[in-house]
Structures are given as C-alpha cells and as structure tokens.
Amino acid sequence: MIIGIPKESWRDERRAALTPAGVYALVKAGHTVFVQADAGAGCGFSREAYDEAGAQIAFSAEEVFARGDLIVKVMPPTLEESRWITADKFLFNFVQLGVAHPAGLQHLMQQRTTAVGYELIKTEGNNLPVLTAMSEIAGMLLPQIAGRYLETTSAGRGITIGGVAGIPASNVLIIGAGMVGSTAALNFNGVGAKVTVLDADLNRLRQLEFLSHKKVSTALATPYNLERYLAFADVLVGAVLIHGKKAPHVVTEAMVKKMKKGSVIIDVSIDQGGCVETSRPTTLSGPVFVKHDVIHYCVPNLPSSVARTASHALNNVVLPFVEEVAENEWRAFEQTEALRRGVYVYRGQCTHEEIAGLFGWDFVPVDRLVQEEALQ
C-alpha cells in the first residue's frame, strides 16, 4: 500500500503523525511511504531523516494526498485538503468535534472515504490508546502553563503554584479524573499546590487518592461542590471527556464571573467543544484571552507545544493501526474491533452518531456496514 504523510497545515500544529522510525517499519514491511518535504520540521525530524528511513519525498501536500492510498495526519484535513482526497481512500486523523467542518466531512463522504479518528479508537478494557498518550503529555504540561499565566507579567494573580514558608500554596481545582486530570493532579501536587479533583466516578477518585497517597483531595462533581470549590480556585482545569461526544458546559458563565480576578482557566476539553461556557478555541501563538477578569487558556492541540515528544508518542500508538490497514486494507476493519470503533466515515457513510446528529446526517452503524461487505 502507498501511505502518505503530509505536512500539517493547521496553525501552530508542529507534530508529525509518524516519525522516521515509523516510516522505516512500513518500508521494511514492503509498503511505499510518501512524506511531504519538511513534514517533520516542526518537531525536529529532517527531510534527510525520512529519506534515510526509505520515504519518497514529495514537495507538495497535494501530491501526498494524490499518491497515498492511506493518508496519515494529525489534525483534520482542511476544506482544501479534503478536496484533494480522491475516491475510496483511507484517512487517519484526530476528529476534533469542537472544530469539525461539515463541508469537509461531506466531501469525504462523497469520495467514499473511510476515515478513522484517533480519539475514537478504543481497545479492550475501554482503553483509548491515542487519546491516553496525548492526555498524559497535556497533564504533565499544565502546571508550567498555569504557573506562567499566574505571574504578574501575564496579568495573573501574581502568585506561585507552590507556597513558600509562611505563605499558602495556590488552590487548583480539576474537573475530571481521567488521564489528563489525574496526571495534572499528581504534577500540580508535586510542585506544592493544593489540589482538589472533582469527578462523578467514585472509582476514579479512589484510584487517584491511592496514586497520590491521599495528598490530592477529591470530591463528587455535584453542582454544590463545583460552586463551592470554584470560589477558592486560583487555577481551574477543565478535563471533562465523554467518549465520542462534545463536552458539556459544566462550568457556566455565571460561575466564571464569581472566580478570583487574575485566576486561570485551562480548558483541556476545548478540542471536544470545551467544558467551560466562556471558552473558545485559541492557538499556541495566541493561547489566552481574558473574560470576566479570568485568564482563559483554550488550545486544542496543546501537546504540539512539545512537538517532538508528542510525535514520538503518536507514532508509538498510531503505527500498529496504520500497519493493520496497510497490510489488510478493508479486512482490517472486519478483523480489528478497535479500528471499527474509531471509524467516523466508512466508505462514504457517516458511522459516528454524534457527528450525524450534529449536522443532521443519516447514521449507519459501522458494524453493519462491515458485516454487509464481508458477505458480498
């Protein structure tokens, strides 16, 4: 199979979906890989590194899209890129429900594309391998981001994350005890913050208390607890995820108005629409805005700020699925349940219920389509 890796065109997206090591594995398996020149420049992988790994170097994104049977990206294709995708191709990328483009998706369906969303892939035990890898990186970054925007020079409260002798530490409230929330909680705790995590799942909270040796406070995510803890928060981390769906607004604008002047909101759920009512997507080059005297950090591709680490992590979890499709083509979806769960368009039909409902399209379960195809 021919695999195409274009350079990411989204603003400030510096990750590469596959590293030279991933390309090498595919070439050794007998596949042809076209990589756009400078596709890895933003994360420190040179054109020469891909060339040495056995890639064919293309000098335009359009060429990569035209040549590839399977296009492997990070972010969703732009409308222009969608139009370069010709009939019956495979596409791998993050869906990013919060910024999904209906015209681009419609073109994919018209071209009978089969598209897999990284954040939708779910393996046994309800593990989300790609999303987990990116969430872990995001969680590790949050204390340094919060610390930067709490500084006086950033119009923050002018306080440190951890306290010093005789001065209390900052109060950090995290909504959601999944991978992002738990990783962030442990890292905020490690730099001395007072951390409280809210979640509706008691088992997740128990696990976090165990991992933190009870150094992280936990509480059920009820409206009462949310308002109570928000009033004291210097930092709010929104890490709400409902698999395959847009995030609900659990923090209302009225709640934001009651927060301390100069406090910081980091809405990690922004790629799924955001869990804070006042959030809107920002970029790494313009990451914050202020509303109701509260600093909002709402970058959908936050892991791209450490693009090399994030690209290695992406490669590690995405490559096995790419290899599966490259080797088995359509049979891969019949054989691998995790791949089927990641499909949002299958041969031109919308197989993701949330997307179908969002744009008023017909929804067809992917299992049914795969089964029908297997019987033909």
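Scroll up for the structure.
Rules used throughout
- Residues numbered from 1 in each chain as written.
- Predicted model: local features only at pLDDT ≥ 70, side-chain atom pairs only at ≥ 80, totals over all residues.
- Heavy atoms only, no water.
- Pairing = 2+ DSSP bridges.
- Helix = DSSP H or I, 4+ residues; strand = E, 2+ residues; numbered from the N terminus.
- Axes fitted to C-alpha atoms, helices over the stretch in contact; angles between N-to-C directions.
- Contact = heavy atoms within 4.5 Å.

1. As for the sheet that holds strand 12 (residues 288–291)
- An order of 9-8-7-10-11-13-12 is seen for the seven strands of this open sheet, with the pairing classed as mixed. The open sheet is flanked by strand 9 (217–220) and strand 12, the only strands paired with a single partner. The mean inter-strand angle of the sheet, taken between neighbouring strand axes irrespective of direction, is 20°.
- Strand direction decides the pairing type here: strand 8 (residues 194–199) and strand 9, joined by four bridges, are parallel. Bridge pairing links D199 to L220 in strand 9.
- Along the sheet face, helix 6 (residues 129–150) touches strand 10 (235–238), strand 11 (264–267), strand 12 and strand 13 (294–297) and points at about 145° away from the line of strand 11.

2. A look at the sheet that holds strand 1 (residues 2–5)
- Spatially, 3-2-1-4-5-6-14-15 is the arrangement adopted by the eight strands of the open sheet, whose pairing is mixed. Here the strands that pair on one side only, and so sit at the sheet edges, are strand 3 (56–58) and strand 15 (349–350).
- Relative to strand 5 (residues 90–93), strand 4 (residues 70–72) is paired through three bridges, and the arrangement is parallel. Directly across from V72, in strand 5, lies its bridge partner F92.
- The sheet strands contacting helix 5 (residues 102–110) are strand 5, strand 14 (343–346) and strand 15, and the helix crosses strand 14 at an angle near 50°.
- With respect to the sheet, helix 15 (residues 366–375) is in contact with strand 14 and strand 15, its orientation differing from that of strand 14 by roughly 45°.

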